[in-house]
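So the chains spell out like this:
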Amino acid sequence: MKLNILSLLVLFTALLLGMDVCAQYGYGNGYGGGGYGYGRQRSAIPQAQETPKEPEPKTAEQIVDEGMPSIIEAIDLNEFEAAVMSSVLKKYLKERIEMQILKLSPEKMREGYNKITERQDEELKAGLPLDKYEAFVEMQKNGIDKTKRKNKKEKRKKRKKTKD
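### Some words on unusual backbone geometry
A positive phi angle, close to 55°, is found at K103, a residue other than glycine. Tracing the backbone through its elements, the reader meets K103 in the loop between α3 (79-102) and α4 (106-127).

Structure representation (structure tokens):
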């Protein structure tokens, strides 16, 4: 009987160890699968992280096209005036961008920007009605949002006067 209990104990222990081995190593594939041995295989060479690409700088056309709807709304331009304004702004914005690329001294940059602004103003004055040109100059000084608010207030005052 002692032999019988001893053999049962050995058999039970072997069974438990066999289950543990099977659970650890799978069905003959090795730990981690694929028969490669223990654990996940790692390369000695570090993986290069993908660096996010810097966004490409916007072109003069893209910048002006994005800003034109708010300028048209602020100054109340018709289609012809908007086309004139857009072409002039694109032309002179390109020149400003080219000057930035050249990386001149601050004095030369300031001088160049002033010349570009003078030519732009002359061309806008020639292409737009005087009241629209003056509204554009005022918008440049005050900003687009302030000009829009001012125009809304003026429209409200006109509506009140017409109702009374």
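### Focus: the packing of α3 against α4
For the pair α3 and α4, interaxial distance at closest approach is 10 Å and the crossing angle is 170°. The angle between α3 and α4 places the two elements in the roughly antiparallel class. Note that α3 runs across α4; the crossing there is right-handed. Counting all contacts with α3, which are made through F80, V84, M85, V88, L89, K91, Y92, E95, R96, M99 and Q100, the residues of α4 involved are K108, M109, G112, Y113, I116, T117, R119, Q120, E123, L124 and G127. The residue inventory of the contact of α3 with α4, partitioned by class, reads eleven nonpolar, five polar and six charged.

### Things to note about the pattern of salt bridges
Taken as a whole and assessed by the stated rule, the structure comprises four salt bridges. In this structure, the salt-bridge partner of E81 is K132, at a minimum N-O distance of 3.6 Å. Here the residue E81 occupies a position in helix α3, and K132 occupies one in helix α5 (residues 130-142), the gap between them amounting to 51 residues. In this structure, E81 and K132 share a single accessibility class: buried. Linking E123 and K91 is a salt bridge whose minimum nitrogen-to-oxygen distance equals 3.3 Å. You can see E123 sitting in helix α4 and its partner K91 sitting in helix α3, a full 32 residues away along the chain. Looking at E123, the relative accessible area reads 29%, which means it is partly exposed. The partly exposed category is assigned to K91, whose relative accessible area is 40%.

### Concerning the confidence of the model for the chain
Put simply, the chain has an average pLDDT of 75, and 74% of its residues get 70 or more. Across the chain, α4 holds the top mean pLDDT of 86, while helix α1 (residues 2-25) sits lowest at 68.

### Some details on the nonpolar core
If you look at the biggest cluster of nonpolar residues, it comprises 22 residues, and the most contacted ones within it are M68, I71, I75, M85, L89, L124 and F136. Where this core is concerned, the elements lending two or more residues are α2 (60-75), α3, α4 and α5. Considering each element in turn, this core owes the most residues, eight residues, to α3.

### Comments concerning α2
Two residues of an α-helix separated by three or four positions point the same way, owing to the 3.6 residues in each turn. The end-to-end C-alpha distance of α2 is 21 Å, a good match for the 22 Å that 16 residues give at a rise of 1.5 Å each. For α2, the principal kink sits at M68 and spans about 40°; a proline, P69, occurs within the next four residues. Taken together, the buried positions of α2 are A60, V64, M68, S70, I71, A74 and I75. A positive phi of about 65° marks D76, the residue just after α2.

Analysis parameters
Residues numbered from 1 in each chain as written. Predicted model: local features only at pLDDT ≥ 70, side-chain atom pairs only at ≥ 80, totals over all residues. Heavy atoms only, no water. Helix = DSSP H or I, 4+ residues; strand = E, 2+ residues; numbered from the N terminus. Axes fitted to C-alpha atoms, helices over the stretch in contact; angles between N-to-C directions. Parallel < 35°, antiparallel > 145°, perpendicular 65-115°, else oblique. Left-handed = near helix turned anticlockwise from the far one by under 90°. Contact = heavy atoms within 4.5 Å. Nonpolar A, V, L, I, M, F, W, Y, C, P; charged D, E, K, R; others polar. Salt bridge = Lys/Arg side-chain N within 4 Å of Asp/Glu carboxyl O. Buried < 20%, exposed > 50% of the residue type's maximum accessible area, 1.4 Å probe, protein only. pLDDT = per-residue confidence, 0-100. Core = buried A, V, L, I, M, F, W, Y, C linked by side-chain atoms within 4.5 Å. Expected span 1.5 Å × (residues − 1). Bend = angle between axes of the 7 residues up to and from the residue.

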